[in-house]
Amino acid sequence: MAKLYFRYGTMNSGKSIEVLRTVHNYEEQGKKVLLFTPSVDNRHGVGTVASRIGMQKKAIIIDDRLNMIELASLEKPNCILLDEAQFLTKAQVQQLADIVDTLDIPVIAYGLRADFMGVLFEGSYHLLAIADKIEEIKTVCWYCDKKAIMNMRCKDGVALFEGEQIQIGGNESYLPVCRKCYASKRKATHKL
């Protein structure tokens, strides 16, 4: 029986590597995979899933016009994989659940749980609410050896705690940090 999976982690936890590895494993066995990524993620060009270590693959772009249920029904893949699932809307997350429930196709969505202010993204919120299985992809804090659970936005080496929820970026803009280091940097920033 197919399931809807949500695999989340901080920035730099290896989510995109995991997506690409899973796609490779399915395709190496001659199985069909549909790989999706939201149109808002343009770091490596719209429609590209890329990891920091250089691996990348073209993906189907998710936007408001895409009917993922219809596409999955036509293509009949063995699995559907998504990168940057935090950028999905409630309706798009519901489409993923409908694919699992009506077409019996497993869906594995990878993304961030929360933004740099500790607020859940819309897609993450709804995936956490309805996913059959939720798994954390772990990494360590940039400043200490604890588990990173927060994404800290930075500009020119200075931590930021206000701004728009979505700002596309990599290591130049975000660091994975533990809650204690996040709080320490926040406190130091507010003293300035």
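The residue numbers shown here count from 1 along each chain, following its written sequence. Given that the model is predicted, a residue must reach a pLDDT of at least 70 before its local features are reported, and side-chain atom pairs must reach 80 or more before they are shown or counted; all residues, however, enter totals for whole chains, interfaces and linings. As a rule here, side-chain values cover all heavy atoms of the structure and leave hydrogens and water aside.

Engineer: What exactly am I supposed to notice about the state of the cysteines here?
Structural biologist: Put plainly, a disulfide is one covalent bond tying together the sulfur atoms of two cysteines. We call a pair of cysteine sulfur atoms a disulfide whenever their separation is within 2.5 Å. Within the structure shown, the criterion is met by zero disulfides. Counting only cysteine sulfurs, Cys178 is the nearest neighbor of Cys144, a cysteine outside any disulfide, at a range of 3.7 Å. Each residue is assigned to one of three classes by its accessible area relative to the maximum for its type, calculated with a 1.4 Å probe on protein chains only: buried under 20%, partly exposed between the two thresholds, exposed over 50%. Under the relative-accessibility criterion, Cys144 is labelled partly exposed at 23%. Distance from the sulfur of Cys181, which forms no disulfide, to the nearest cysteine sulfur (Cys178) is 3.6 Å. Cys181 gets classed as buried once you look at its relative accessible area, which sits at 15%.

Engineer: Can you help me understand the nonpolar core in this one?
Structural biologist: Among soluble globular proteins, nonpolar side chains are generally buried collectively. To define a nonpolar core, start from buried Ala, Val, Leu, Ile, Met, Phe, Trp, Tyr and Cys residues and group those joined through side-chain atoms within 4.5 Å. Core analysis: the biggest nonpolar cluster contains 25 residues, and Leu4, Phe36, Ile80, Leu82 and Val107 have the highest contact counts within it. Counting from the N terminus, the helices are the DSSP runs of H or I reaching at least four residues and the strands are the DSSP runs of E reaching at least two. Elements supplying a minimum of two residues to this core: strand 1 (4-8), strand 2 (33-38), helix 2 (68-75), strand 6 (79-82), helix 3 (90-103) and strand 7 (107-111). Tallying contributions element by element places helix 3 first for this core, with five residues. Any pair of residues with heavy atoms lying within 4.5 Å of one another is described as a contacting pair. Sequence-distant contacts of Val107, defined by excluding residues within four places in its chain, comprise Lys3, Leu4, Tyr5, Ile80, Leu82, Leu96, Ile99 and Val100. With 13 residues, the next largest nonpolar core counts Leu35, Cys79, Leu81 and Tyr110 among its residues.

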